[in-house]
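For reference, the chains in residue letters:
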Amino acid sequence: MSTVAVTGFIEAHAVDVWRLLTDLPDRAARLSAAGPIEILTPGPFGPGTAWREERAQPGGGTLSEEFLVVEAVAPHRLVLCSSGAGVDYRITWSLRPVRRRRRGCTAITVSQEAAPTDPYGRVVALLLGGLAARAVEVALRRDLADLTVAAGVLGSVEAA
């Protein structure tokens, strides 16, 4: 199993970051790598919520991925799972309120664990592990940066 994690700070309260993170209808507008989103389950966001989205790949092209919420503890922790070709993914978003520059801020860590599920996945992990980890890190940092921008827009709208 391999794990990639990135951490950053968002100048917004954890509840606001949580709202941005879990608002599926606006997800594609907020995350530059996310394309059209199809919500697969009715009802409020929480464990069992599933959706499909197109994700832009670092080398070009897109990939259709399905995500399932396995844990949602607002506004602190969100755990998603997604199955790929020979690999299961677990994406964890951890939000922790902190004070920076005398303002409310959120320390946010997003990690992705990849667990090969068949021989094909194990071979790919062995051959491309480092390259894949760098691509995942770039994608996680891009999503985090996009959330930071969205939180800044939210803050400027709320201040007006």
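Residues numbered from 1 in each chain as written. Predicted model: local features only at pLDDT ≥ 70, side-chain atom pairs only at ≥ 80, totals over all residues. Heavy atoms only, no water.

**Student:** So what exactly am I meant to see when it comes to the overall build of the protein chain here?
**Tutor:** Across its full length, the protein chain carries three helices and seven strands. In the protein chain, which comprises 160 residues, the proportion classed as buried is 38%. Across the protein chain, contacts joining residues at least 24 apart in sequence account for 50% of those joining residues at least 6 apart. (Helix = DSSP H or I, 4+ residues; strand = E, 2+ residues; numbered from the N terminus. Buried < 20%, exposed > 50% of the residue type's maximum accessible area, 1.4 Å probe, protein only. Contact = heavy atoms within 4.5 Å.)

**Student:** Where do I start with the packing of aromatic side chains in this structure?
**Tutor:** If you walk through the whole model with that rule in mind, you get two aromatic pairs. Where phenylalanine 45 meets tryptophan 51, the ring centres are 6.3 Å apart and the plane angle is 40°; that geometry is what we call tilted. Classification of tryptophan 51 as buried rests on a relative accessible area of 1%. Through pairs of rings, three or more aromatic residues link up here, namely Phe45, Trp51 and Phe67. Taking the ring centre of phenylalanine 67 as reference, the NZ or CZ of arginine 27 above it sits at 6.0 Å. (Phe/Tyr/Trp six-rings, centres within 6.5 Å; stacked < 30°, edge-to-face > 60°. Lys NZ or Arg CZ within 6 Å of the ring centre and 35° of its normal.)

**Student:** Even after reading the chapter, I still don't get the sheet that holds strand S7 (residues 103–116), so can you show me in this structure?
**Tutor:** Backbone-to-backbone hydrogen bonds pair the strands of a sheet. The strands run either parallel or antiparallel. Here seven strands make up an open sheet; going across it, the order is S1-S7-S6-S5-S4-S3-S2 and the pairing antiparallel. The sheet is open, and its two edges are formed by strand S1 (2–10) and strand S2 (34–39), each paired on a single side. This sheet shows a mean twist of 25° between the axes of neighbouring strands, independent of strand direction. As defined by bridge partners, S2 adjoins strand S3 (residues 50–56) across four bridges and the pair is classed as antiparallel. Across the sheet, residue isoleucine 37 finds its bridge partner in S3, namely glutamate 53. Helix H1 (residues 14–22) contacts S1, strand S4 (62–73), strand S5 (77–83), strand S6 (87–100) and S7 of the sheet and is inclined by roughly 155° relative to S6. (Pairing = 2+ DSSP bridges. Axes fitted to C-alpha atoms, helices over the stretch in contact; angles between N-to-C directions.)

**Student:** Help me understand the nonpolar core, please; the structure alone is not making it clear to me.
**Tutor:** Ile10, Leu78, Leu80, Trp93, Leu95, Ile108 and Leu147 are the most contacted members of the largest nonpolar core, which totals 27 residues. Elements represented by at least two residues in this core include exactly S1, H1, S4, S5, S6, S7 and helix H3 (119–159). Among the elements that make up this core, the one with the highest residue count is H3 (six residues). Once you skip the residues sitting within four places of it in the chain, isoleucine 108 turns out to touch Val6, Thr7, Gly8, Ile10, Val17, Trp93, Ser94, Leu95, Leu144 and Leu147. (Core = buried A, V, L, I, M, F, W, Y, C linked by side-chain atoms within 4.5 Å.)

**Student:** Even after reading the chapter, I still don't get the confidence of the model for the protein chain, so can you show me in this structure?
**Tutor:** Detailed reading of the predicted coordinates is not advisable wherever pLDDT falls low. Averaged over the protein chain, the pLDDT score is 84; the fraction of residues at 70 or greater is 84%. The least confident element of the protein chain, judged by mean pLDDT, is H3 at 70; the most confident is S5 at 96. Confidence drops under a pLDDT of 50 for residues 155–160, and excluding neighbours within four residues, the segment shows two contacts in the predicted structure. (pLDDT = per-residue confidence, 0-100.)

**Student:** Help me understand unusual backbone geometry, please; the structure alone is not making it clear to me.
**Tutor:** Excluding glycine, residues mostly carry a negative phi; peptide bonds, for their part, are mostly trans. Here the amide bond leading from alanine 74 into proline 75 is cis, since omega sits at -15°, within 30 degrees of zero. Counting through the fold element by element, proline 75 comes out in the loop between S4 and S5.

**Student:** What should I look at first to understand the side chain of glutamate 65 in this one?
**Tutor:** Within the secondary structure, glutamate 65 is located in strand S4. Arginine 55 is the oppositely charged side chain nearest to the buried, salt-bridge-free glutamate 65, at an N-O distance of 4.3 Å. When sequence neighbours within four positions are dropped, the list of residues in contact with glutamate 65 reads Trp51, Arg52, Glu53, Arg55 and Ser82. (Lys, Arg positive; Asp, Glu negative; His and termini not counted. Salt bridge = Lys/Arg side-chain N within 4 Å of Asp/Glu carboxyl O.)

**Student:** I keep staring at the pattern of salt bridges and nothing clicks. Help me out?
**Tutor:** When their charged atoms lie close together, side chains carrying opposite charge are able to pair. For the structure shown, the criterion picks out nine salt bridges. Of the charged contacts in the structure, one is a salt bridge between arginine 52 and glutamate 66, with a shortest N-O distance of 2.7 Å. Of the two residues, arginine 52 sits in strand S3 while glutamate 66 sits in strand S4, which places them 14 residues apart along the sequence. Residue class for arginine 52 comes out partly exposed when judged on its relative accessible area of 27%. Of the charged contacts, one joins glutamate 53 and arginine 55 as a salt bridge, the two residues approaching to 3.2 Å between their closest N and O atoms. Arginine 55 carries the same exposure label as glutamate 53, and that label is buried. One salt-bridge network, in which partners are shared between bridges, spans Arg27, Glu53, Arg55 and Asp143.

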